[in-house]
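Below are the chains, spelled out letter by letter.
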Amino acid sequence: EDQVTQSPEALRLQEGESSSLNCSYTVSGLRGLFWYRQDPGKGPEFLFTLYSAGEEKEKERLKATLTKKESFLHITAPKPEDSATYLCAVQAWEAAGNKLTFGGGTRVLVKP
Amino acid sequence: GAVVSQHPSRVICKSGTSVKIECRSLDFQATTMFWYRQFPKQSLMLMATSNEGSKATYEQGVEKDKFLINHASLTLSTLTVTSAHPEDSSFYICSARDPLSGSAQYFGPGTRLTVL
């Protein structure tokens, strides 16, 4: 069974204080790993897709990396507007209907 | 690109009534759409996979007679919560995969259902 574990559950940062979020996964055969950002009361917003170990993607202050067992989302010099819940999900090659398996998320609060 | 809309954004209904939620892909055609449920401070729980022109595939433990899904076109899927009860109150979110944009799913803004 595919499993995704995110840590920490919550993260409080000062503005400018860089940090990393972890997403550990077990999957029969990884088709893709996805990062999303979710603001309260809204649907998740797509950030990145990573397909193979060693791959990296960047968008503004966010950088996602992937190994064979985990992915990291690095937030560099965060701003208060980066406060959100960050969700990680995996898709297995054998996943029926291309469904995603989500982790529990990391709630990030960036204080000014 | 890859925009998904949901309607309504918020609905309040009385116990025993049925509620229909629409999910539309606005700028792409989606042969597959997904319906999720999310409780406060929890992650997304997949309810069912909606396939255009065929029956939906429900996850284990989801009552297919209570949560009716119809995917009548390549841009529209509907979720009907039948005979809603207070325990059905939740945040319902749909997503769709744009086959031309890789394997990522794009999510709608969600529908907050409150059953009194």
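Residues numbered from 1 in each chain as written. Chains lettered and ligands numbered in written order. Predicted model: local features only at pLDDT ≥ 70, side-chain atom pairs only at ≥ 80, totals over all residues. Heavy atoms only, no water.

**Quick look at the overall build of chain B**
Per the secondary structure count, chain B includes zero helices and 11 strands. Each helix and strand of chain B, ordered N terminal to C terminal, gives the series β-β-β-β-β-β-β-β-β-β-β. The C-alpha radius of gyration computed for chain B amounts to 13 Å, which stays within 12% of the reference 13 Å derived for 116 residues, consistent with globular compactness. Overall, the C-alpha framework of chain B stretches about 40 × 25 × 20 Å when taken along its three principal axes. Residues counted as buried form 53% of the 116 residues belonging to chain B. In chain B, of all internal contacts separated by at least 6 residues, the share reaching a separation of at least 24 is 53%. For chain B, the accessible area works out to roughly 5,600 Å², and carbon and sulfur atoms hold 51% of it. Within chain B, one finds 11 positive and 9 negative side-chain charges whose respective centroids are separated by 6 Å. (Helix = DSSP H or I, 4+ residues; strand = E, 2+ residues; numbered from the N terminus. Rg over C-alpha atoms; globule rule 2.2 N^0.38 Å. Buried < 20%, exposed > 50% of the residue type's maximum accessible area, 1.4 Å probe, protein only. Contact = heavy atoms within 4.5 Å. Areas by Shrake-Rupley, 256 points an atom, 1.4 Å probe, with all protein chains shown as cover. Lys, Arg positive; Asp, Glu negative; His and termini not counted. Charge placed at Lys NZ, Arg CZ, Asp CG, Glu CD.)

**Re the packing of aromatic side chains**
Residue and element names in this part refer to chain B. Under the criterion given, the structure shown has eight aromatic pairs over all chains. When the ring of Y36 is compared with that of F107, the centres are 5.4 Å apart and the planes differ by 50°; the resulting orientation is tilted. Of this pair, Y36 sits in strand β4 (residues 32-38) while F107 sits in strand β10 (residues 105-107), placing them 71 residues apart in sequence. Overall, Y36 belongs to the buried group, its relative accessible area being 0%. (Phe/Tyr/Trp six-rings, centres within 6.5 Å; stacked < 30°, edge-to-face > 60°.)

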